[in-house]
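# Survey of secondary and tertiary structure
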There are 2 protein chains.
Amino acid sequence: MTTSFPMNDGNSAYSYFNNSQRQKELIDASKDMVRDAIIGKLDVEVMLSSSHTFRIIDLGCSIGPNTFHAMQHVVDVVKEKYHNIILEFQVFFSDHVENDFNTLFRSLPIDRSYYASGVPGSFHGRLFPTRSIHFAHSSCAIHWLSKIPKELLDEKSPTWNKGLIHYGTSNIEVVNAYIAQFEKDMEIFFNARAEEIVPGGMMVFISPFSSYIRLVEFFGSSLMDLVNEGKLDESLVDSFNLPMYFPSPQDMTKVVEKNGCFSIEFMELVYPKSKLVDETDAKTFIINLRAVLEGLLINHFGSKIAEEVCARTLLKSEEISTWMKANGGKSRQLFVALKRK
Amino acid sequence: MTTSFPMNDGNSAYSYFNNSQRQKELIDASKDMVRDAIIGKLDVEVMLSSSHTFRIIDLGCSIGPNTFHAMQHVVDVVKEKYHNIILEFQVFFSDHVENDFNTLFRSLPIDRSYYASGVPGSFHGRLFPTRSIHFAHSSCAIHWLSKIPKELLDEKSPTWNKGLIHYGTSNIEVVNAYIAQFEKDMEIFFNARAEEIVPGGMMVFISPFSSYIRLVEFFGSSLMDLVNEGKLDESLVDSFNLPMYFPSPQDMTKVVEKNGCFSIEFMELVYPKSKLVDETDAKTFIINLRAVLEGLLINHFGSKIAEEVCARTLLKSEEISTWMKANGGKSRQLFVALKRK
């Protein structure tokens, strides 16, 4: 089973590069919080002894352009805070080895004020030398599980996720299987970062919450439409589950405290000012989500069904727009700032 | 004008990945010298103060697999020398932004004993933070010039390189233009590395010498064949020049001493045991060289002529084999070990 789920690569119409405005909104909405975390909670003098290189990582960077905005923002705020210290910045863009690093590297901003580097590999494992990182950033990434909870693949179990492609709220067994996988993954994640990040170093997460859970199911309902028309076997949909869990503040607090290596400095649910209201915006959103999900759909159903499902979901833009308007208040994101003890 | 000349990318028949045996021979032939340089001349205790991360860069790494052998060798020898010190290794694979980093990352050895990272950019400029590198390695790369000496592009000048695609020995003006560009490039190269490498840090070069100068001209003679058959305009060949200068020990000594930031620890002309003797081997060699030159040929002549030239040069394998046998003694490579003062 594949355990890596890259965004659509390259620079084409359905690429992540051209379809990641939604993820940009999330980053924009938390810019002030990233700023507050750095200004209020970070102490460079303690972290840097002889060296003057401040090392930043972006975990799950994908292929840009969002990661460039996020990294430059971190650099700018640290520079602003320590304007009297000569610092050099080294940014490590990290994502799975299947990520399209060629596109990432070819799009690096010319006017960047840091040394750029790419690091291939899963963040559910070690990526950097011990105590070498001062600031870790991860946006729209930690909700990716290392794998589908294996209980979901047993047709005879109560965790068989019938008719759905993600956890809803109706089947608590399914929800619990997702939570258990998330907790396991985060323990491994925190143990790796605890080695890599210097004492006093900081880690921020920006993670979509709630509205995403429902929105991905519009792709699920397109799949079920194909089942109802006899064009697709239902067991194939039942056995397809998205490897994502969107943590609540309670989930996050639990995994951080259980691990014990990091202190929680800030945690907040934010309501980004989403511009996604009318039908055109809903279309943009679906194309945006396609750049994230298409690889998974192709992997499980083949490219013909994947194409059909994406096209059909696009036809639901009016329904999605109506749902988004009605649920605008639920379009939240989780911001977390942690510090290495 | 393009200033980056990537090897053929991907993993296909004419890719550099599958056609770099010759470059591997060069690396293999200097393994003992790399070893001697590390064992005899490197002092880790002086370089590493609080950190235990030993940082290695490969400049002009291309897409593998040679760079993996070279980097693992450096790691192994440093580990052997400092077996009583706990060291972690971080390797930065660096090449032009057009290099195929996706292939490089996807071919990283699973059993590597270092943290891997890719750094896009020209080594004729800064790539890393100040004093962050302990060991720099560059094989078959420093002979690449940042650009064609501009004097070669003036049809009315004595440096107009008529009928040739590289410097021979007949036109001293052409040779001097190449040398001047090499000296300019190396000054910029050394100044950048002098900032990046810690005092006591080491840099090794492995560079092909002499035989290459003649061998690339077999591609030149295929171009001239097309000219003589009326299929190609001669001025197009005259204006095409390979951006490479293969330095002699004297050239190298001159640029190192002029720069002044590095001391020469070892310098040697080596005769690698080349297995290239019969016609089949000559064919392998031409396909090997194609992976290096094809991008340049396509860029100047278009893909149709490039294909034709490569095919025609392959037909000269007997002639090339004869020449290689007769000139076996001239198939040399330059090994240089420098230390940051």
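The structure this text deals with has already been given above.
This text gives an overview of the structure that appears in the document. Keep in mind that what you see is a predicted model, and the values were worked out from it rather than measured. (Residues numbered from 1 in each chain as written. Chains lettered and ligands numbered in written order. Predicted model: local features only at pLDDT ≥ 70, side-chain atom pairs only at ≥ 80, totals over all residues. Heavy atoms only, no water.)

Along the backbone of chain A there are 12 helices and seven strands. Residue burial in chain A is summarised as follows: out of 341 residues, 60% are buried. Long-range contacts, defined here as pairs at least 24 residues apart, represent 84% of the contacts in chain A between residues at least 6 apart. Split by element, the accessible area of chain A, about 13500 Å² in all, is 52% carbon and sulfur. (Helix = DSSP H or I, 4+ residues; strand = E, 2+ residues; numbered from the N terminus. Buried < 20%, exposed > 50% of the residue type's maximum accessible area, 1.4 Å probe, protein only. Contact = heavy atoms within 4.5 Å. Areas by Shrake-Rupley, 256 points an atom, 1.4 Å probe, with all protein chains shown as cover.)

Residues and elements named next belong to chain A. Relative to the helices and strands, Arg290 is located in helix α10 (residues 279–301). The class of Arg290 is buried, set by a relative accessible area of 6%. Excluding residues that lie within four positions of it along the chain, Arg290 makes contacts with Asn8, Tyr14, Phe219, Glu307 and Cys310.

Residue and element names in this part refer to chain B. Orientation of helix α6 (residues 172–196) relative to helix α9 (residues 249–259), taken along the N-to-C sense of each, is 50°, at an axis distance of 10 Å. As summarised for this structure, α6 and α9 are arranged oblique, according to the angle between their axes. Note that α6 runs across α9; the crossing there is right-handed. Of the residues in α9, those in contact with Phe182, Glu183, Met186, Glu187, Phe190 and Asn191 of α6 are Asp251, Met252, Lys254, Val255, Val256, Lys258 and Asn259. Each residue belonging to the contact of α6 with α9 can be placed in one class, and the counts come to six nonpolar, two polar and five charged. (Axes fitted to C-alpha atoms, helices over the stretch in contact; angles between N-to-C directions. Parallel < 35°, antiparallel > 145°, perpendicular 65-115°, else oblique. Left-handed = near helix turned anticlockwise from the far one by under 90°. Nonpolar A, V, L, I, M, F, W, Y, C, P; charged D, E, K, R; others polar.)

Under the fitted operation, chain A is carried onto chain B by 0.0 Å of movement along the axis and a turn of 180°, and the coordinates agree to an RMSD of 0.0 Å. Expressed as an axis order, the relation between the two copies is that of a two-fold axis. Closest to the rotation axis within chain A is the C-alpha of Gly118 of chain A, separated from it by 2.4 Å. With an isologous cut-off of 70% or more, the 100% of interface residues of chain A that recur at the interface of chain B puts this contact in the isologous class. (Least-squares fit on C-alpha atoms with pLDDT ≥ 70 in both.)

Here we come to the interface of chain A and chain B. Each side of the interface is counted separately: chain A has 28 residues, and chain B has 28 residues. Each partner contributes to the roughly 2200 Å² buried at the junction of chain A and chain B, and carbon and sulfur atoms together form 49% of this total. The largest per-residue losses of area from chain A upon contact with chain B belong to Phe105, Tyr115 and Pro129 of chain A, which jointly make up 25% of the total buried on that side. For the pair chain A and chain B, the interface holds two salt bridges. Taking the shortest distance from any N to any O, the salt bridge between Glu88 of chain A and Arg126 of chain B comes out at 3.5 Å. Put simply, chain A and chain B have 21 residue pairs in polar contact (both at pLDDT 80 or more) between them. When contributions to the side of chain A that touches chain B are tallied by element, the ones reaching two or more residues are β1 (53–59), β2 (88–95), α5 (101–106) and β3 (115–120) of chain A. In terms of residues, the side of chain A that touches chain B owes the most to one element, β3 of chain A, which gives six residues. (Buried area = accessible area lost by both parts, 1.4 Å probe. Salt bridge = Lys/Arg side-chain N within 4 Å of Asp/Glu carboxyl O. Polar contact = N/O pair within 3.5 Å; in protein donor to acceptor, adjacent residues only side chain to side chain.)

The subject of this paragraph is the packing of helix α10 (residues 279–301) of chain B against helix α12 (residues 317–326) of chain B. Residue and element names in this part refer to chain B. Two elements in contact, α10 and α12, have axes whose closest approach is 8 Å; the angle formed by their N-to-C orientations is 105°. For the element pair α10 / α12, the angle class is roughly perpendicular. For the pair formed by α10 and α12, the contact residues are Glu279, Ala282, Lys283, Phe285 and Ile286 on the first element and Ser317, Glu318, Ile320, Ser321 and Met324 on the second. Taken together, the residues that form the contact of α10 with α12 break down as five nonpolar, two polar and three charged.

Another point: unusual backbone geometry. A cis amide bond, omega 0°, links Gly64 of chain A with the succeeding residue Pro65 of chain A. You can see Pro65 of chain A is positioned in the loop between β1 and α4 (66–81). Its identity as a non-glycine residue notwithstanding, Ser62 of chain A has a phi of 55°, on the positive side. The residue Ser62 of chain A is located in the loop between β1 and α4 in this model. The backbone of Cys140 of chain B sits at a positive phi, close to 50°, despite the residue not being glycine. By the element assignment, Cys140 of chain B lies in the loop between β4 (133–139) and α6.

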